[in-house]
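Notes for the structure review
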Amino acid sequence: MKSQKKAFTHRELCYKAARYLKNKSLLPFHKCQYVFCELERYGECPDALGFASGSGTQLIEVKTSRSDFLSDKNKRWRKKPEIGLGSYRSYLCPEGLINEKDLPDNWGLLWVNENGDITEVVKAIEQPCNHNAELHLLTNIMRREGVKPKIYSYKEYLDDKEIKNDINDDFL
């Protein structure tokens, strides 16, 4: 009996993309410290978006079908890359689904084989992105994760504790 090739679901590939950003990343030596997967929001809903200290944001869009990839170019943030998320952007798909000639300018390409191994086919190139939307996304995530609105001060003085308490009482 012939063994069937593993066909990954969109969700499985989103998790693989997130792990790729956390463990390897689209940029050498710039692994993402914070990675978000399949974030539901108004506007662009990234499959995997990572924040790497000092190197910007990295976006991976997962495609499991050719028709899904072809319809992606009609999204307004693809037509105007400067309003999209991610300083570096790549597609992740099963081997051969998308080819280098199909890519939008500056996009990278990652292929996943039936064993789940990811290969970088085309390296992503930095491009303009919407930093305001990325900041909005971060504050949204902080709220969802229960980070309380308050003033954060990281410089300590001996008599500072009472002042900090007074400042943050306003938010309670």
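For the structure, check the block above.
Residues numbered from 1 in each chain as written. Predicted model: local features only at pLDDT ≥ 70, side-chain atom pairs only at ≥ 80, totals over all residues. Heavy atoms only, no water.

Okay, helix H1 (residues 10-23) next. Look at H1: 20 Å from first C-alpha to last across 14 residues, which is about the 20 Å you get at 1.5 Å a residue. Listed in full, the buried residues belonging to H1 are Leu13, Cys14, Lys16, Ala17, Ala18, Tyr20 and Leu21. Turning to H1, the residues buried within the fold contact strand S1 (34-37), strand S2 (48-52), strand S3 (56-62), strand S4 (88-94), strand S5 (108-112) and strand S6 (118-122). Positive backbone phi, at 85°, marks Ser25, one or two positions downstream of H1. (Helix = DSSP H or I, 4+ residues; strand = E, 2+ residues; numbered from the N terminus. Expected span 1.5 Å × (residues − 1). Buried < 20%, exposed > 50% of the residue type's maximum accessible area, 1.4 Å probe, protein only. Contact = heavy atoms within 4.5 Å.)

What follows covers the side chain of Asn113. With respect to the helices and strands, Asn113 occurs in the loop between S5 and S6. A polar side-chain atom of Asn113 sits 3.0 Å from the main-chain amide nitrogen of Asp117. Apart from residues no more than four positions distant in its own chain, Asn113 is found in contact with Phe8 and Glu95. (Polar contact = N/O pair within 3.5 Å; in protein donor to acceptor, adjacent residues only side chain to side chain.)

What follows is about the packing of aromatic side chains. One pass over the full model with this rule turns up three aromatic pairs. With a centroid separation of 5.1 Å and 85° between ring planes, the pair formed by Phe69 and Tyr91 is classed as edge-to-face. With Phe69 in helix H2 (residues 66-72) and Tyr91 in strand S4, this residue pair connects regions lying 22 residues apart in the sequence. As far as the burial class goes, Phe69 and Tyr91 line up, both buried. With 4.3 Å between their ring centres and 20° between their planes, Tyr91 and Trp107 make a pair best called stacked. One end of the pair, Tyr91, is in strand S4; the other, Trp107, is in the loop between S4 and S5, and 16 residues separate them in sequence. In this pair, the class of Tyr91 matches that of Trp107, namely buried. The rings of Phe69, Tyr91 and Trp107 are connected pair by pair, giving a single aromatic cluster. (Phe/Tyr/Trp six-rings, centres within 6.5 Å; stacked < 30°, edge-to-face > 60°.)

Here the focus is helix H4 (residues 131-144). Helix length check: H4 (14 residues) gives 20 Å between terminal C-alpha atoms against 20 Å at 1.5 Å per residue, within 8%. Here H4 has its buried residues at Ala133, Glu134, Leu137, Asn140 and Ile141. One face of H4 carries all of its buried residues, which in axial projection span an arc of 120°. The outward face of H4, more than 90 degrees from its buried face, is lined by the exposed residues Asn132, Leu135 and Arg143. (Arc of directions from axis to C-beta.)

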